[in-house]
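# Residue-level structural notes
In case you want the letters, here they are:
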Amino acid sequence: WQVEPNATIGEIKSMFHKSQGKSLKDEDVLQHLPVGTTATFYFRDLGAQISWVTVFLTEYAGPLLIYLMFYFRVPFIYVPKYDFTTSKHWVVHLACMCHSFHYVKRLLETLFVHRFSHGTMPLRNIFKNCTYYWGFAAWMAYYINHPLYTPPTYGEQQIRLALTVFLFCQIGNFSIHIALRNLRPPGSKTRKIPYPTKNPFTWIFLLVSCPNYTYELGSWLGFTLMTQCLPVAAFTLVGFIQMTVWAKGKHRSYLKEFRDYPTLRSPILPFIL
Amino acid sequence: MPSSLKARTSGTTELLYESFLSRWLVIAVGLVRAYLARGSYHGLYYSIEKPLKYFQTGALLEILHCAVGIVPSSVVLTGFQVMSRVFLTWAVTHSVREVQSEDSVLLFVVAWTVTEIIRYSFYTFSLLNHLPYLIKWARYTFFFVLYPMGVAGELLTIYAALPYVQKTGLYSITLPNNYNFSFDYHTFLILVMISYIPLFPQLYFHMIRQRKKVLGHVEEYSKVE
(Lines give C-alpha, C1' and ligand atoms only; values in the text may rest on other atoms or scores of the structure.)
Protein backbone atom coordinates (compact mmCIF):
# COMPACT_ATOMS: atom_id res chain seq x y z
CA TRP A 1 0.00 0.00 0.00
CA GLN A 2 1.50 3.27 -1.06
CA VAL A 3 0.07 6.71 -0.41
CA GLU A 4 1.19 10.28 -1.01
CA PRO A 5 2.72 12.13 1.99
CA ASN A 6 -0.09 14.65 1.93
CA ALA A 7 -2.82 12.03 2.13
CA THR A 8 -5.12 12.45 5.12
CA ILE A 9 -5.88 9.70 7.58
CA GLY A 10 -9.51 9.88 6.57
CA GLU A 11 -8.61 8.95 3.01
CA ILE A 12 -6.49 6.01 4.13
CA LYS A 13 -9.31 4.81 6.34
CA SER A 14 -11.79 4.79 3.51
CA MET A 15 -9.44 2.42 1.64
CA PHE A 16 -9.99 -0.13 4.39
CA HIS A 17 -13.75 0.19 4.95
CA LYS A 18 -13.08 -0.39 8.63
CA SER A 19 -13.27 1.83 11.72
CA GLN A 20 -10.14 2.88 13.55
CA GLY A 21 -9.29 3.33 17.21
CA LYS A 22 -9.05 6.62 19.05
CA SER A 23 -5.35 7.19 18.56
CA LEU A 24 -5.42 9.24 15.37
CA LYS A 25 -7.97 11.70 14.07
CA ASP A 26 -9.47 11.77 10.58
CA GLU A 27 -8.16 15.31 10.09
CA ASP A 28 -4.53 14.41 10.81
CA VAL A 29 -2.27 14.71 7.79
CA LEU A 30 0.22 11.92 7.16
CA GLN A 31 3.33 14.07 6.77
CA HIS A 32 2.61 15.93 10.02
CA LEU A 33 2.61 12.78 12.11
CA PRO A 34 5.66 12.07 14.29
CA VAL A 35 7.01 9.23 12.11
CA GLY A 36 9.97 8.75 9.78
CA THR A 37 9.95 7.79 6.10
CA THR A 38 8.07 4.60 6.82
CA ALA A 39 5.29 4.19 9.34
CA THR A 40 3.33 1.23 10.63
CA PHE A 41 -0.37 1.65 11.19
CA TYR A 42 -2.30 -0.59 13.52
CA PHE A 43 -5.93 -1.09 12.77
CA ARG A 44 -8.47 -2.33 15.23
CA ASP A 45 -11.71 -3.87 14.08
CA LEU A 46 -14.37 -2.38 16.40
CA GLY A 47 -16.94 -4.85 15.21
CA ALA A 48 -20.30 -4.01 13.73
CA GLN A 49 -21.09 -0.32 14.27
CA ILE A 50 -24.19 1.81 14.16
CA SER A 51 -24.46 5.59 14.06
CA TRP A 52 -25.19 7.51 17.26
CA VAL A 53 -28.02 9.37 15.56
CA THR A 54 -29.75 6.12 14.59
CA VAL A 55 -29.43 4.75 18.12
CA PHE A 56 -30.75 7.92 19.74
CA LEU A 57 -33.71 8.20 17.38
CA THR A 58 -34.68 4.57 17.92
CA GLU A 59 -34.27 4.56 21.68
CA TYR A 60 -36.29 7.80 22.07
CA ALA A 61 -39.06 7.08 19.57
CA GLY A 62 -39.87 3.87 21.48
CA PRO A 63 -40.86 5.45 24.81
CA LEU A 64 -42.83 8.15 23.02
CA LEU A 65 -45.01 5.63 21.18
CA ILE A 66 -45.15 3.00 23.93
CA TYR A 67 -46.36 5.46 26.55
CA LEU A 68 -49.10 6.65 24.21
CA MET A 69 -50.26 3.07 23.70
CA PHE A 70 -50.80 2.75 27.45
CA TYR A 71 -52.34 6.23 27.67
CA PHE A 72 -54.96 5.39 25.04
CA ARG A 73 -55.44 2.00 26.69
CA VAL A 74 -54.92 -0.04 23.59
CA PRO A 75 -56.48 -3.57 23.90
CA PHE A 76 -54.71 -6.49 25.65
CA ILE A 77 -53.04 -4.29 28.27
CA TYR A 78 -55.79 -3.71 30.80
CA VAL A 79 -59.10 -5.44 31.47
CA PRO A 80 -61.22 -5.28 28.23
CA LYS A 81 -63.92 -3.03 29.66
CA TYR A 82 -61.30 -0.22 29.86
CA ASP A 83 -60.13 -0.50 26.23
CA PHE A 84 -59.82 2.91 24.57
CA THR A 85 -61.14 4.73 27.64
CA THR A 86 -59.28 7.64 29.21
CA SER A 87 -58.37 8.25 32.84
CA LYS A 88 -60.64 10.42 34.95
CA HIS A 89 -57.64 12.03 36.71
CA TRP A 90 -56.34 15.20 35.05
CA VAL A 91 -52.80 14.53 36.37
CA VAL A 92 -52.69 11.47 34.09
CA HIS A 93 -53.30 13.70 31.05
CA LEU A 94 -50.68 16.13 32.31
CA ALA A 95 -48.17 13.31 32.81
CA CYS A 96 -48.74 12.10 29.26
CA MET A 97 -48.10 15.59 27.91
CA CYS A 98 -44.91 15.96 29.96
CA HIS A 99 -43.56 12.53 29.04
CA SER A 100 -44.32 13.03 25.36
CA PHE A 101 -42.86 16.55 25.37
CA HIS A 102 -39.69 15.19 26.96
CA TYR A 103 -39.10 12.62 24.26
CA VAL A 104 -40.09 14.89 21.38
CA LYS A 105 -37.56 17.36 22.74
CA ARG A 106 -34.90 14.63 22.81
CA LEU A 107 -35.66 13.58 19.24
CA LEU A 108 -35.45 17.15 17.95
CA GLU A 109 -32.24 17.76 19.86
CA THR A 110 -30.74 14.63 18.32
CA LEU A 111 -31.62 15.87 14.85
CA PHE A 112 -30.80 19.57 15.19
CA VAL A 113 -28.79 20.38 18.27
CA HIS A 114 -26.24 17.76 19.30
CA ARG A 115 -22.78 17.59 17.72
CA PHE A 116 -21.38 14.11 18.26
CA SER A 117 -17.69 13.41 18.84
CA HIS A 118 -17.93 9.88 17.54
CA GLY A 119 -19.94 8.93 14.50
CA THR A 120 -20.71 5.40 15.61
CA MET A 121 -21.00 3.03 18.55
CA PRO A 122 -20.99 -0.80 18.75
CA LEU A 123 -24.10 -2.37 17.26
CA ARG A 124 -25.02 -4.34 20.38
CA ASN A 125 -25.57 -1.05 22.21
CA ILE A 126 -28.83 -0.44 20.37
CA PHE A 127 -30.33 -3.63 21.82
CA LYS A 128 -29.10 -2.84 25.30
CA ASN A 129 -30.23 0.81 25.18
CA CYS A 130 -33.61 0.13 23.65
CA THR A 131 -34.35 -2.59 26.19
CA TYR A 132 -33.60 -0.08 28.94
CA TYR A 133 -35.61 2.85 27.56
CA TRP A 134 -38.51 0.90 26.10
CA GLY A 135 -38.73 -1.46 29.09
CA PHE A 136 -38.85 1.29 31.66
CA ALA A 137 -41.28 3.36 29.56
CA ALA A 138 -43.70 0.43 29.41
CA TRP A 139 -43.33 -0.29 33.12
CA MET A 140 -44.00 3.35 34.11
CA ALA A 141 -46.79 3.90 31.61
CA TYR A 142 -48.59 0.76 32.74
CA TYR A 143 -49.09 2.10 36.25
CA ILE A 144 -49.67 5.77 35.50
CA ASN A 145 -52.40 4.97 32.98
CA HIS A 146 -53.88 2.10 34.97
CA PRO A 147 -57.63 2.26 35.76
CA LEU A 148 -56.71 1.83 39.45
CA TYR A 149 -54.13 4.65 39.43
CA THR A 150 -54.05 6.74 42.66
CA PRO A 151 -53.30 10.48 42.20
CA PRO A 152 -50.65 12.18 44.41
CA THR A 153 -51.34 12.42 48.14
CA TYR A 154 -51.11 16.24 48.32
CA GLY A 155 -53.22 16.76 45.22
CA GLU A 156 -53.03 19.97 43.24
CA GLN A 157 -50.27 21.53 45.37
CA GLN A 158 -47.98 18.59 44.76
CA ILE A 159 -48.74 18.44 41.05
CA ARG A 160 -48.21 22.16 40.60
CA LEU A 161 -44.82 22.06 42.34
CA ALA A 162 -43.82 18.99 40.35
CA LEU A 163 -44.77 20.60 37.05
CA THR A 164 -42.78 23.73 37.92
CA VAL A 165 -39.69 21.67 38.71
CA PHE A 166 -40.15 19.61 35.54
CA LEU A 167 -40.52 22.61 33.20
CA PHE A 168 -37.70 24.52 34.86
CA CYS A 169 -35.36 21.58 34.36
CA GLN A 170 -36.48 20.92 30.80
CA ILE A 171 -35.66 24.52 29.87
CA GLY A 172 -32.40 24.23 31.82
CA ASN A 173 -31.42 21.01 30.07
CA PHE A 174 -32.17 22.54 26.68
CA SER A 175 -30.15 25.67 27.53
CA ILE A 176 -27.15 23.53 28.39
CA HIS A 177 -27.44 21.58 25.14
CA ILE A 178 -27.48 24.82 23.18
CA ALA A 179 -24.53 26.20 25.13
CA LEU A 180 -22.50 23.05 24.52
CA ARG A 181 -23.37 23.10 20.84
CA ASN A 182 -22.19 26.68 20.51
CA LEU A 183 -18.81 25.71 21.94
CA ARG A 184 -18.12 23.71 18.82
CA PRO A 185 -18.18 25.14 15.30
CA PRO A 186 -20.15 23.06 12.75
CA GLY A 187 -18.25 20.04 11.43
CA SER A 188 -15.41 20.38 13.93
CA LYS A 189 -14.54 18.20 16.87
CA THR A 190 -12.80 20.78 19.07
CA ARG A 191 -13.20 20.63 22.83
CA LYS A 192 -13.43 23.72 25.04
CA ILE A 193 -14.31 24.42 28.65
CA PRO A 194 -17.99 25.38 28.90
CA TYR A 195 -18.72 28.65 30.72
CA PRO A 196 -21.92 30.40 31.88
CA THR A 197 -23.54 32.52 29.14
CA LYS A 198 -26.10 35.32 29.30
CA ASN A 199 -28.79 32.66 29.81
CA PRO A 200 -29.39 32.31 33.58
CA PHE A 201 -30.03 28.60 33.14
CA THR A 202 -26.36 28.18 32.22
CA TRP A 203 -25.04 29.89 35.36
CA ILE A 204 -25.01 26.45 36.95
CA PHE A 205 -21.77 25.89 34.99
CA LEU A 206 -20.08 27.77 37.85
CA LEU A 207 -20.75 24.81 40.14
CA VAL A 208 -21.14 21.77 37.90
CA SER A 209 -19.27 20.20 34.96
CA CYS A 210 -22.24 18.39 33.43
CA PRO A 211 -25.36 20.44 34.23
CA ASN A 212 -27.24 18.73 31.43
CA TYR A 213 -27.30 15.65 33.67
CA THR A 214 -28.17 17.74 36.72
CA TYR A 215 -31.21 19.19 34.94
CA GLU A 216 -32.15 15.76 33.58
CA LEU A 217 -32.21 14.39 37.13
CA GLY A 218 -34.33 17.35 38.19
CA SER A 219 -36.82 16.72 35.38
CA TRP A 220 -37.33 13.12 36.39
CA LEU A 221 -37.60 14.03 40.08
CA GLY A 222 -40.36 16.40 39.03
CA PHE A 223 -42.06 13.67 37.05
CA THR A 224 -41.77 11.25 40.00
CA LEU A 225 -43.37 13.82 42.28
CA MET A 226 -46.09 14.49 39.73
CA THR A 227 -47.08 10.86 39.26
CA GLN A 228 -46.16 9.51 42.73
CA CYS A 229 -45.29 6.23 41.06
CA LEU A 230 -42.59 3.86 42.34
CA PRO A 231 -41.43 2.62 38.91
CA VAL A 232 -40.82 6.25 37.93
CA ALA A 233 -38.70 6.68 41.07
CA ALA A 234 -36.78 3.52 40.12
CA PHE A 235 -36.15 4.84 36.60
CA THR A 236 -34.97 8.16 38.06
CA LEU A 237 -32.58 6.36 40.39
CA VAL A 238 -31.06 4.13 37.72
CA GLY A 239 -30.69 7.08 35.37
CA PHE A 240 -29.05 9.09 38.11
CA ILE A 241 -26.50 6.36 38.78
CA GLN A 242 -25.61 6.08 35.09
CA MET A 243 -25.40 9.84 34.60
CA THR A 244 -23.18 10.17 37.66
CA VAL A 245 -20.77 7.64 36.16
CA TRP A 246 -20.73 9.61 32.89
CA ALA A 247 -20.40 12.96 34.66
CA LYS A 248 -17.44 11.77 36.73
CA GLY A 249 -15.74 10.50 33.59
CA LYS A 250 -16.33 13.75 31.75
CA HIS A 251 -15.16 15.78 34.75
CA ARG A 252 -11.96 13.75 34.93
CA SER A 253 -11.20 14.22 31.26
CA TYR A 254 -11.81 17.98 31.57
CA LEU A 255 -9.32 18.09 34.45
CA LYS A 256 -6.79 16.09 32.44
CA GLU A 257 -7.11 18.15 29.29
CA PHE A 258 -7.30 21.68 30.73
CA ARG A 259 -4.73 23.00 33.22
CA ASP A 260 -6.92 25.94 34.14
CA TYR A 261 -10.15 24.03 34.74
CA PRO A 262 -12.28 25.77 37.41
CA THR A 263 -11.76 24.11 40.78
CA LEU A 264 -15.17 25.00 42.24
CA ARG A 265 -16.99 22.61 39.89
CA SER A 266 -18.33 19.17 40.85
CA PRO A 267 -19.25 16.54 38.25
CA ILE A 268 -23.05 16.49 38.65
CA LEU A 269 -24.32 17.78 42.01
CA PRO A 270 -22.96 21.12 43.32
CA PHE A 271 -20.45 20.46 46.13
CA ILE A 272 -21.76 16.94 46.67
CA LEU A 273 -21.01 14.58 43.80
CA MET B 1 -3.28 -15.42 42.28
CA PRO B 2 -0.26 -13.05 42.68
CA SER B 3 2.20 -14.56 45.12
CA SER B 4 2.41 -11.36 47.17
CA LEU B 5 -1.33 -11.45 47.83
CA LYS B 6 -1.09 -15.13 48.61
CA ALA B 7 1.63 -14.57 51.19
CA ARG B 8 -0.32 -11.81 52.91
CA THR B 9 -3.70 -13.49 53.04
CA SER B 10 -2.81 -17.17 53.27
CA GLY B 11 -3.02 -17.43 57.05
CA THR B 12 -6.43 -15.86 57.52
CA THR B 13 -7.98 -17.23 54.35
CA GLU B 14 -7.06 -20.80 55.19
CA LEU B 15 -8.61 -20.43 58.60
CA LEU B 16 -11.66 -18.95 56.97
CA TYR B 17 -12.02 -21.83 54.54
CA GLU B 18 -11.39 -24.41 57.20
CA SER B 19 -14.16 -22.85 59.23
CA PHE B 20 -16.51 -22.86 56.21
CA LEU B 21 -15.56 -26.48 55.57
CA SER B 22 -16.27 -27.48 59.12
CA ARG B 23 -19.64 -25.73 59.05
CA TRP B 24 -20.77 -27.74 56.06
CA LEU B 25 -19.43 -30.87 57.76
CA VAL B 26 -21.61 -29.91 60.71
CA ILE B 27 -24.60 -29.85 58.38
CA ALA B 28 -23.63 -33.18 56.87
CA VAL B 29 -23.16 -34.77 60.27
CA GLY B 30 -26.43 -33.22 61.46
CA LEU B 31 -28.26 -34.75 58.52
CA VAL B 32 -26.78 -38.19 59.05
CA ARG B 33 -27.50 -38.22 62.80
CA ALA B 34 -31.07 -37.03 62.33
CA TYR B 35 -31.64 -39.64 59.67
CA LEU B 36 -30.32 -42.38 61.94
CA ALA B 37 -32.42 -41.11 64.84
CA ARG B 38 -35.69 -40.84 62.93
CA GLY B 39 -35.24 -43.79 60.65
CA SER B 40 -36.61 -41.84 57.71
CA TYR B 41 -35.54 -38.86 55.64
CA HIS B 42 -38.75 -36.89 56.04
CA GLY B 43 -38.53 -33.58 57.78
CA LEU B 44 -34.72 -33.60 57.98
CA TYR B 45 -34.78 -29.93 57.00
CA TYR B 46 -35.62 -28.95 60.58
CA SER B 47 -32.54 -30.62 61.99
CA ILE B 48 -30.21 -28.43 59.99
CA GLU B 49 -32.40 -25.40 59.41
CA LYS B 50 -30.43 -22.88 61.49
CA PRO B 51 -26.91 -23.85 60.43
CA LEU B 52 -28.02 -23.92 56.82
CA LYS B 53 -29.41 -20.40 57.02
CA TYR B 54 -26.35 -18.96 58.72
CA PHE B 55 -23.77 -20.68 56.54
CA GLN B 56 -25.51 -20.07 53.27
CA THR B 57 -25.95 -16.38 54.10
CA GLY B 58 -22.33 -16.25 55.26
CA ALA B 59 -21.43 -17.39 51.77
CA LEU B 60 -22.17 -13.85 50.64
CA LEU B 61 -18.57 -13.27 51.69
CA GLU B 62 -17.63 -15.46 48.75
CA ILE B 63 -18.58 -12.72 46.36
CA LEU B 64 -16.20 -10.39 48.14
CA HIS B 65 -13.41 -12.94 47.92
CA CYS B 66 -13.83 -13.19 44.18
CA ALA B 67 -13.95 -9.42 43.79
CA VAL B 68 -10.75 -8.99 45.80
CA GLY B 69 -8.97 -11.84 44.04
CA ILE B 70 -8.35 -14.29 46.85
CA VAL B 71 -10.36 -16.85 44.92
CA PRO B 72 -9.80 -17.18 41.16
CA SER B 73 -13.48 -17.56 40.33
CA SER B 74 -15.64 -15.15 38.37
CA VAL B 75 -17.48 -12.59 40.50
CA VAL B 76 -20.55 -12.77 38.28
CA LEU B 77 -20.90 -16.56 38.34
CA THR B 78 -20.18 -16.86 42.05
CA GLY B 79 -22.42 -13.92 42.87
CA PHE B 80 -25.22 -15.43 40.89
CA GLN B 81 -24.87 -18.83 42.55
CA VAL B 82 -24.73 -17.39 46.06
CA MET B 83 -27.73 -15.13 45.44
CA SER B 84 -29.78 -18.01 44.08
CA ARG B 85 -28.93 -20.13 47.15
CA VAL B 86 -29.76 -17.33 49.57
CA PHE B 87 -33.03 -16.85 47.67
CA LEU B 88 -33.92 -20.56 47.93
CA THR B 89 -33.01 -20.67 51.63
CA TRP B 90 -34.85 -17.56 52.79
CA ALA B 91 -37.35 -16.46 50.19
CA VAL B 92 -38.71 -19.91 49.43
CA THR B 93 -37.96 -22.58 52.03
CA HIS B 94 -38.01 -20.37 55.12
CA SER B 95 -40.93 -18.24 53.93
CA VAL B 96 -43.30 -21.01 52.89
CA ARG B 97 -43.63 -23.36 55.86
CA GLU B 98 -45.60 -25.90 53.88
CA VAL B 99 -42.66 -26.86 51.65
CA GLN B 100 -40.23 -27.48 54.50
CA SER B 101 -41.25 -31.10 54.79
CA GLU B 102 -40.89 -31.73 51.07
CA ASP B 103 -38.33 -34.28 49.86
CA SER B 104 -37.12 -31.81 47.26
CA VAL B 105 -35.68 -29.64 50.05
CA LEU B 106 -33.53 -32.54 51.17
CA LEU B 107 -32.45 -33.06 47.58
CA PHE B 108 -30.90 -29.62 47.20
CA VAL B 109 -29.58 -29.49 50.79
CA VAL B 110 -27.66 -32.72 50.22
CA ALA B 111 -26.41 -31.51 46.84
CA TRP B 112 -25.23 -28.19 48.30
CA THR B 113 -23.63 -29.88 51.34
CA VAL B 114 -21.57 -32.36 49.35
CA THR B 115 -20.57 -29.69 46.82
CA GLU B 116 -19.47 -27.25 49.47
CA ILE B 117 -17.49 -29.81 51.46
CA ILE B 118 -15.53 -30.72 48.36
CA ARG B 119 -15.17 -27.10 47.25
CA TYR B 120 -13.89 -25.76 50.58
CA SER B 121 -11.54 -28.70 50.94
CA PHE B 122 -10.23 -27.84 47.50
CA TYR B 123 -9.64 -24.18 48.42
CA THR B 124 -8.11 -24.98 51.80
CA PHE B 125 -5.67 -27.55 50.45
CA SER B 126 -4.81 -25.35 47.49
CA LEU B 127 -3.87 -22.50 49.79
CA LEU B 128 -1.75 -24.90 51.85
CA ASN B 129 -0.04 -25.93 48.57
CA HIS B 130 -0.85 -29.52 49.36
CA LEU B 131 -3.74 -30.47 47.12
CA PRO B 132 -4.46 -34.21 46.86
CA TYR B 133 -5.38 -35.09 43.28
CA LEU B 134 -8.46 -36.85 44.62
CA ILE B 135 -9.95 -33.58 45.88
CA LYS B 136 -9.25 -31.81 42.60
CA TRP B 137 -10.76 -34.69 40.68
CA ALA B 138 -13.79 -34.77 42.95
CA ARG B 139 -14.39 -31.05 42.59
CA TYR B 140 -14.44 -31.25 38.83
CA THR B 141 -16.30 -34.55 38.53
CA PHE B 142 -18.97 -34.75 41.22
CA PHE B 143 -20.74 -31.75 39.75
CA PHE B 144 -21.94 -33.91 36.87
CA VAL B 145 -24.47 -35.43 39.28
CA LEU B 146 -24.66 -32.81 42.02
CA TYR B 147 -25.59 -29.91 39.74
CA PRO B 148 -28.66 -31.51 38.17
CA MET B 149 -29.57 -32.92 41.57
CA GLY B 150 -29.44 -29.49 43.18
CA VAL B 151 -31.33 -27.86 40.32
CA ALA B 152 -34.03 -30.54 40.45
CA GLY B 153 -34.41 -30.04 44.19
CA GLU B 154 -34.59 -26.27 43.82
CA LEU B 155 -37.12 -26.30 41.00
CA LEU B 156 -39.34 -28.86 42.69
CA THR B 157 -39.30 -26.81 45.89
CA ILE B 158 -40.25 -23.60 44.13
CA TYR B 159 -42.96 -25.46 42.24
CA ALA B 160 -44.31 -26.87 45.52
CA ALA B 161 -44.43 -23.39 47.01
CA LEU B 162 -46.51 -21.92 44.18
CA PRO B 163 -50.04 -22.78 45.34
CA TYR B 164 -49.38 -21.49 48.88
CA VAL B 165 -47.91 -18.27 47.59
CA GLN B 166 -50.90 -17.71 45.35
CA LYS B 167 -53.40 -18.50 48.08
CA THR B 168 -51.84 -16.24 50.72
CA GLY B 169 -50.58 -13.49 48.41
CA LEU B 170 -47.15 -13.78 50.06
CA TYR B 171 -44.77 -10.86 49.34
CA SER B 172 -47.27 -9.45 46.86
CA ILE B 173 -48.67 -5.92 46.50
CA THR B 174 -51.89 -5.17 44.66
CA LEU B 175 -53.38 -2.03 43.17
CA PRO B 176 -54.67 0.47 44.12
CA ASN B 177 -52.08 1.89 46.52
CA ASN B 178 -50.36 5.22 47.13
CA TYR B 179 -47.17 4.30 45.29
CA ASN B 180 -48.85 3.02 42.16
CA PHE B 181 -46.88 -0.18 42.11
CA SER B 182 -47.74 -3.87 42.11
CA PHE B 183 -45.81 -7.09 42.51
CA ASP B 184 -47.00 -10.66 42.16
CA TYR B 185 -44.63 -13.05 43.90
CA HIS B 186 -46.36 -16.05 42.35
CA THR B 187 -45.61 -14.82 38.81
CA PHE B 188 -42.13 -13.84 39.92
CA LEU B 189 -41.41 -17.39 41.11
CA ILE B 190 -42.59 -18.78 37.78
CA LEU B 191 -40.22 -16.39 35.99
CA VAL B 192 -37.41 -17.53 38.28
CA MET B 193 -38.11 -21.14 37.33
CA ILE B 194 -38.09 -20.22 33.63
CA SER B 195 -34.76 -18.42 34.06
CA TYR B 196 -33.14 -21.73 34.95
CA ILE B 197 -33.58 -22.78 31.30
CA PRO B 198 -31.03 -20.37 29.82
CA LEU B 199 -28.86 -20.09 32.94
CA PHE B 200 -28.33 -23.66 34.15
CA PRO B 201 -26.80 -24.95 30.85
CA GLN B 202 -24.37 -22.03 30.84
CA LEU B 203 -23.14 -22.82 34.35
CA TYR B 204 -23.02 -26.55 33.61
CA PHE B 205 -20.99 -26.17 30.41
CA HIS B 206 -18.72 -23.68 32.13
CA MET B 207 -17.85 -26.38 34.68
CA ILE B 208 -17.30 -28.92 31.90
CA ARG B 209 -14.91 -26.54 30.16
CA GLN B 210 -13.12 -25.87 33.45
CA ARG B 211 -12.80 -29.62 33.94
CA LYS B 212 -11.10 -30.08 30.56
CA LYS B 213 -8.69 -27.27 31.39
CA VAL B 214 -7.82 -28.40 34.90
CA LEU B 215 -7.88 -32.18 34.61
CA GLY B 216 -6.78 -32.28 30.99
CA HIS B 217 -3.33 -30.81 31.76
CA VAL B 218 -2.53 -33.44 34.37
CA GLU B 219 -3.12 -36.21 31.85
CA GLU B 220 -0.76 -34.49 29.38
CA TYR B 221 2.05 -34.24 31.91
CA SER B 222 1.75 -37.88 32.89
CA LYS B 223 1.95 -38.85 29.17
CA VAL B 224 5.14 -36.83 28.70
CA GLU B 225 6.77 -38.70 31.59
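Analysis parameters
Residues numbered from 1 in each chain as written. Chains lettered and ligands numbered in written order. Predicted model: local features only at pLDDT ≥ 70, side-chain atom pairs only at ≥ 80, totals over all residues. Heavy atoms only, no water. UniProt positions renumbered as here; feature names shortened; annotations may be inferred. Helix = DSSP H or I, 4+ residues; strand = E, 2+ residues; numbered from the N terminus. Buried < 20%, exposed > 50% of the residue type's maximum accessible area, 1.4 Å probe, protein only. Contact = heavy atoms within 4.5 Å. Areas by Shrake-Rupley, 256 points an atom, 1.4 Å probe, with all protein chains shown as cover. Expected span 1.5 Å × (residues − 1). Bend = angle between axes of the 7 residues up to and from the residue. Axes fitted to C-alpha atoms, helices over the stretch in contact; angles between N-to-C directions. Parallel < 35°, antiparallel > 145°, perpendicular 65-115°, else oblique. Left-handed = near helix turned anticlockwise from the far one by under 90°. Nonpolar A, V, L, I, M, F, W, Y, C, P; charged D, E, K, R; others polar. Phe/Tyr/Trp six-rings, centres within 6.5 Å; stacked < 30°, edge-to-face > 60°. Lys NZ or Arg CZ within 6 Å of the ring centre and 35° of its normal.

As recorded in an unreviewed UniProt entry, chain B goes by Very-long-chain (3R)-3-hydroxyacyl-CoA dehydratase and comes from Cyprinus carpio carpio. Here chain B is described in UniProt, under the heading Sequence similarities (unreviewed entry), as follows: "Belongs to the very long-chain fatty acids dehydratase HACD family."

In the annotation of an unreviewed UniProt entry, the entry for chain A reads Trans-2,3-enoyl-CoA reductase b, and the organism field reads Cyprinus carpio carpio. In its Sequence similarities (unreviewed entry) section, the UniProt record describing chain A reads: "Belongs to the steroid 5-alpha reductase family."

### Description of the overall build of chain B
Of regular secondary structure, chain B possesses 8 helices and 0 strands. In chain B, the order of α-helices and β-strands from amino to carboxyl end is α-α-α-α-α-α-α-α. When burial is assessed residue by residue, chain B has 43% of its 225 residues classed as buried. Nonlocal contacts in chain B, meaning residues at least 24 apart in sequence, comprise 73% of its contacts between residues at least 6 apart. Put simply, chain B shows about 12400 Å² of open surface, and 67% of that area lies on carbon and sulfur atoms.

### Examining helix 7 (residues 143-168) of chain B
All names here are of chain B. Taking 1.5 Å per residue as the helical rise, helix 7 with its 26 residues ought to reach 38 Å, and the 36 Å between its terminal C-alpha atoms agrees with that figure. Most pronounced at Leu162, the bend in helix 7 amounts to some 35°, and the proline Pro163 follows within four residues. Following helix 7 by one or two positions, Gly169 has its phi on the positive side, about 65°.

### Side note on the UniProt feature "transmembrane region" (unreviewed entry) in chain B
In this structure's numbering, the residues bearing the UniProt feature "transmembrane region" (unreviewed entry) are residues 20-38, 59-84, 104-128, 140-165 and 185-205 of chain B. With 96% helix and 0% strand, the stretch residues 104-128 of chain B has end C-alpha atoms that lie 36 Å from each other.

### Remarks on the packing of helix 5 (residues 155-182) of chain A against helix 6 (residues 211-227) of chain A
Residue and element names in this part refer to chain A. Viewed as axis vectors pointing N to C, helix 5 and helix 6 meet at an angle of 160°, and their least axial separation amounts to 8 Å. One finds that helix 5 runs roughly antiparallel with respect to helix 6. Taken as a pair, helix 5 and helix 6 cross one another with a handedness that is left-handed. Split into classes, the residues belonging to the contact of helix 5 with helix 6 amount to 13 nonpolar, 9 polar and 1 charged.

### Considering the packing of aromatic side chains
Think of a pair of aromatic rings as described by two things: how far the centres are apart, and how the planes are tilted against each other in angle. Residues and elements named next belong to chain A. Enumeration according to the criterion identifies 41 aromatic pairs over all chains in this entry. Ring geometry for Trp220 versus Phe235: centroids 4.8 Å apart, planes at 85°, classification edge-to-face. Placement of the pair is Trp220 in helix 6 and Phe235 in helix 7 (residues 230-257), with a sequence separation of 15 residues. Overall, Trp220 belongs to the buried group, its relative accessible area being 7%. Its relative accessible area of 5% is what places Phe235 among the buried residues. Aromatic side chains Tyr254 and Tyr261 sit 5.1 Å apart centroid to centroid with 15° between the ring planes, which places their arrangement in the stacked category. Judged on exposure class, the residue Tyr254 and its partner Tyr261 are both buried. The ring of Tyr78 carries the charged tip of Arg73 above its face, separated from the ring centre by 6.0 Å. Lying across the ring of Tyr254, Lys250 places its NZ or CZ 5.2 Å from the centre.

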